[in-house]
Amino acid sequence: MKRILMVCLGNICRSPLAEGILKSKVDSQKYFIDSAGTGGYHIGKLPDSRSIAVAKKYNIDITDQRCRQFEQSDFDNFDMIYVMDSFNMQDVLSLARNKEDRAKVKLILNEIFPGENVDVPDPYHDSERGFENVYKMLDKACNVIVERLENGEY
Ligand code: 4NP
């Protein structure tokens, strides 16, 4: 069982979408996918209604998800930790205890733009279009992740 964690700031907009999209593409017997936020503003809440709506548009239901905060034990409980932007990267790395922890953390869009360190823009203060844009980026990145997982690269 491979365990993959998606991380953003609030765990209500981007990482719930990343979790839902990746879950929709892999066998749940082989992969455990979860998400968390570096901030603790929305703990226990549903994803943002705009994330729920864009996921639903593509036939993905993310209403089973509840917001939780990233914690140090996530380094033990996950094999790979995908962050959405460089702030999330800094926040997650600040909790890393050693180089094994640090090696688990990757910027998700580096899967499609290797080495370019492109952020998934935070759509919280944006319109529905922002959420659609985020969905499309994450969908492409998740396609590459699935390909690499299935090829045994990860
Ligand atoms: P997310 O977006 O990190 O993609 O979930 C945000 C949601 C809420 C807040 C920030 C970012 N907030 O500050 O409440």
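This is a predicted model, so every value here is computed, not measured.

What counts and what doesn't
Residues numbered from 1 in each chain as written. Predicted model: local features only at pLDDT ≥ 70, side-chain atom pairs only at ≥ 80, totals over all residues. Heavy atoms only, no water. Helix = DSSP H or I, 4+ residues; strand = E, 2+ residues; numbered from the N terminus. Polar contact = N/O pair within 3.5 Å; in protein donor to acceptor, adjacent residues only side chain to side chain. Contact = heavy atoms within 4.5 Å. UniProt positions renumbered as here; feature names shortened; annotations may be inferred. Buried < 20%, exposed > 50% of the residue type's maximum accessible area, 1.4 Å probe, protein only. Axes fitted to C-alpha atoms, helices over the stretch in contact; angles between N-to-C directions. Parallel < 35°, antiparallel > 145°, perpendicular 65-115°, else oblique. Left-handed = near helix turned anticlockwise from the far one by under 90°. Nonpolar A, V, L, I, M, F, W, Y, C, P; charged D, E, K, R; others polar. Phe/Tyr/Trp six-rings, centres within 6.5 Å; stacked < 30°, edge-to-face > 60°. Salt bridge = Lys/Arg side-chain N within 4 Å of Asp/Glu carboxyl O.

K.L.:
Describe the side chain of Asp34, and please don't skip the residues or the numbers.
P.N.:
In this structure, Asp34 sits in strand β2 (residues 31-37). Engagement of the side chain of Asp34 in a polar contact is seen with the side chain of Arg68, the distance being 3.1 Å. Those residues within four positions of Asp34 in sequence are excluded, and the remaining contacts are Ile4, Leu5, Met6, Glu19, Arg68 and Phe78.

K.L.:
Tell me what's going on with the UniProt feature "active site" (unreviewed entry) in the protein chain, and back it up with residues and numbers.
P.N.:
Look at the UniProt record and you will see "active site" (unreviewed entry) annotated at Cys8, Arg14 and Asp122. Sequence-wise these annotated residues cover 115 residues; spatially they are packed, their C-alpha atoms never more than 8.7 Å apart. The topology assignment puts Cys8 in strand β1 (residues 2-8). Contact partners of Cys8, with chain neighbours within four places excluded, come to Arg14, Ser15, Pro16, Ala36, Gly37, Thr38, Met84 and Asn88. The topology assignment puts Arg14 in helix α1 (residues 14-25). A relative accessible area of 2% means that Arg14 is categorised as buried. Leaving out residues up to four positions away in the same chain, Arg14 has contacts with Cys8, Leu9, Met84, Asp85, Asn88, Val120, Pro121, Asp122, Pro123, Val134 and Leu138.

K.L.:
Explain the packing of α1 against helix α6 (residues 128-150) residue by residue, including any values.
P.N.:
Close contact between α1 and α6 brings their axes to 9 Å; oriented N to C, the two are set at 40°. By the angle between their axes, α1 is oblique relative to α6. Classified by chirality, the crossing of α6 by α1 is right-handed. Together, Arg14, Leu17, Ala18, Ile21, Leu22 and Lys25 of α1 and Phe131, Val134, Tyr135, Leu138, Asp139, Cys142, Asn143, Ile145 and Val146 of α6 make up the contact between the two elements. Looking at the contact of α1 with α6 residue by residue, the classes come out as 11 nonpolar, one polar and three charged.

K.L.:
Any chance you could break down the packing of aromatic side chains for me, citing the residues and the numbers?
P.N.:
Under the counting rule described, the total for this entry stands at three aromatic pairs. When the ring of Tyr58 is compared with that of Tyr135, the centres are 4.3 Å apart and the planes differ by 10°; the resulting orientation is stacked. Of this pair, Tyr58 sits in the loop between α2 (49-57) and α3 (74-77) while Tyr135 sits in helix α6, placing them 77 residues apart in sequence. Using a relative accessible area of 30% as the deciding quantity, one classes Tyr58 as partly exposed. Measuring from ring centre to ring centre gives 5.4 Å for Phe70 and Phe75, while their planes differ by 85°; the resulting arrangement is edge-to-face. Residue Phe70 shares its accessibility class with Phe75, and that shared class is buried.

K.L.:
Could you give an account of the pattern of salt bridges, naming the residues involved and the relevant values?
P.N.:
This structure, assessed with the given rule, holds 16 salt bridges. We note a salt bridge from Arg148 to Glu153, for which the minimum N-O separation is 3.5 Å. By sharing partners, the salt bridges in this structure join Arg14, Asp85 and Asp122 into a single network.

K.L.:
Give me the lowdown on unusual backbone geometry, citing residues and values where you can.
P.N.:
Unusually for a residue other than glycine, Asn11 sits at a positive phi of about 55°. When you line up the elements, Asn11 lands in the loop between β1 and α1. Here the phi dihedral of Asn59 falls at roughly 65°; this positive angle occurs in a residue that is not glycine. Relative to the elements of secondary structure, Asn59 occurs in the loop between α2 and α3.

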